[in-house]
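# Secondary and tertiary structure notes
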Amino acid sequence: MALIKDEIIFKAKAIDLKSFLEDEGFTFDKESEYNYRCKEEHTLLLTYKYATPIYFWYNKGQKGSIVDYVMSNITGNNFRMAIDYILKDGIDRTSTTPHYNEKHVADESTCLDIKYSKEMKHMYAYLCKTRGIKATIIKEFIQKGMLAEDQRHNALFLHRNEEDEVCGADISGTNSNIKFKGVVKGSNQKYGFSLKLGNDFDFKKIIVFEAPINLISYYQLNQYNLDNCLLLSTGGSSKINVIETYLNIYKSVETICVCTDNDCAGNVAYINIKKQYGKYNVVDSREKLLGANVNDFNELLLKKWYERKEKKNGT
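Residues numbered from 1 in each chain as written. Predicted model: local features only at pLDDT ≥ 70, side-chain atom pairs only at ≥ 80, totals over all residues. Heavy atoms only, no water.

Let's shift gears to the sheet that holds strand β1 (residues 28-30). Judged by pairing direction, the sheet is antiparallel, and its five strands sit side by side in the order β1-β2-β3-β4-β5 without closing on themselves. Taken across any chain shown, the strands that pair with only one partner, and hence form the sheet edges, are β1 and β5 (62-64). Between one strand and the next, the sheet's axes are offset by a mean angle of 20 degrees, whatever the strand orientation. Pairing between β1 and strand β2 (residues 35-38): three bridges, direction antiparallel. (Pairing = 2+ DSSP bridges. Helix = DSSP H or I, 4+ residues; strand = E, 2+ residues; numbered from the N terminus. Axes fitted to C-alpha atoms, helices over the stretch in contact; angles between N-to-C directions.)

Following this line, the structure appears as structure tokens:
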């Protein structure tokens, strides 16, 4: 395998870290002269104190350069793929200034950048074989305009606004050996991946998840018991401001059911939702996760699938 040329590596490392992460869907507040705090992930901090921008993600125990970030969070510690990913769009994100000011914060009106594939076989295979989602469920979400595949064969979980226009998307790699998640460049941060069930003029309940795959898994497990409600993925445990968008659209909502992950971040999300949306009936709806000792609803779905398989095989 040919070595990566030094000038290619230098070019990747010269990409501005903050601009890169904004393209990945994060937004930042200026905390001090050299530091920026992520709005969506509060323990993610960028500093421009040194010659090269560095990130610290305290919740994950990570720190380093833009290449370190991509290797740790996108390409499964694959250096070559990290360099390729950073330079993938040929966009000049380099900066001649040591740090940015507020005018560089991601703009909601940025043009949505989705390049669709003509096929969906990679997305189908990933959701069916790796995530345990039934083909009939996948087909249903495709028909609703909520699932697609991009030209890199990633799965797209499309966000739609109140006019039913695509305004953003979560993105997930379909290669099970390389974990990759992100947000499509230009996505409107006010919206998330959502599923309307019943009469949207009479929604009484919003059921909140951290990730689209958990929303779909929950739907598969409970589809015949759901009516007049909205299922919503915020796209992260800290992105609870997304909920407000939907409360403003659906004025009839009375209850917020929290189905975040069964972990520390999920617990914090529940507490913060209860605090921020205190005028609503906020309910912790993770009892099935606790009972099954699993982290999220996709793990619960897979656990039930394996249990049925073992029972069928008599093991």
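On the basis of which strands lie adjacent, the open sheet formed by five strands has the order β10-β12-β11-β13-β14 and mixed pairing. The sheet is open, and its two borders are formed by β10 (193-197) and β14 (281-284), each paired with just one other strand. Adjacent strand axes in the sheet meet at a mean angle of 20 degrees, parallel and antiparallel pairs treated alike. Sheet topology note: the strand β11 (residues 205-209)/strand β13 (residues 255-258) ladder contains four bridges and is parallel. Opposite I206, over in β13, you have I256 as the bridge partner.

On to the nonpolar core. Counting residues in each nonpolar core, the largest one holds 33 residues, and the members touching the most others are L127, F141, I207, I216 and L231. By residue number, the principal contributor to this core is helix α7 (residues 212-222), which donates five residues. Here L231 is in contact with F193, S194, L195, L197, I207, F209, L215, Y218, Y219 and L226, once residues within four sequence places are set aside. Formed by 32 residues, the second largest nonpolar core is a distinct cluster that contains I15, W57, A82 and L158. (Core = buried A, V, L, I, M, F, W, Y, C linked by side-chain atoms within 4.5 Å. Buried < 20%, exposed > 50% of the residue type's maximum accessible area, 1.4 Å probe, protein only. Contact = heavy atoms within 4.5 Å.)

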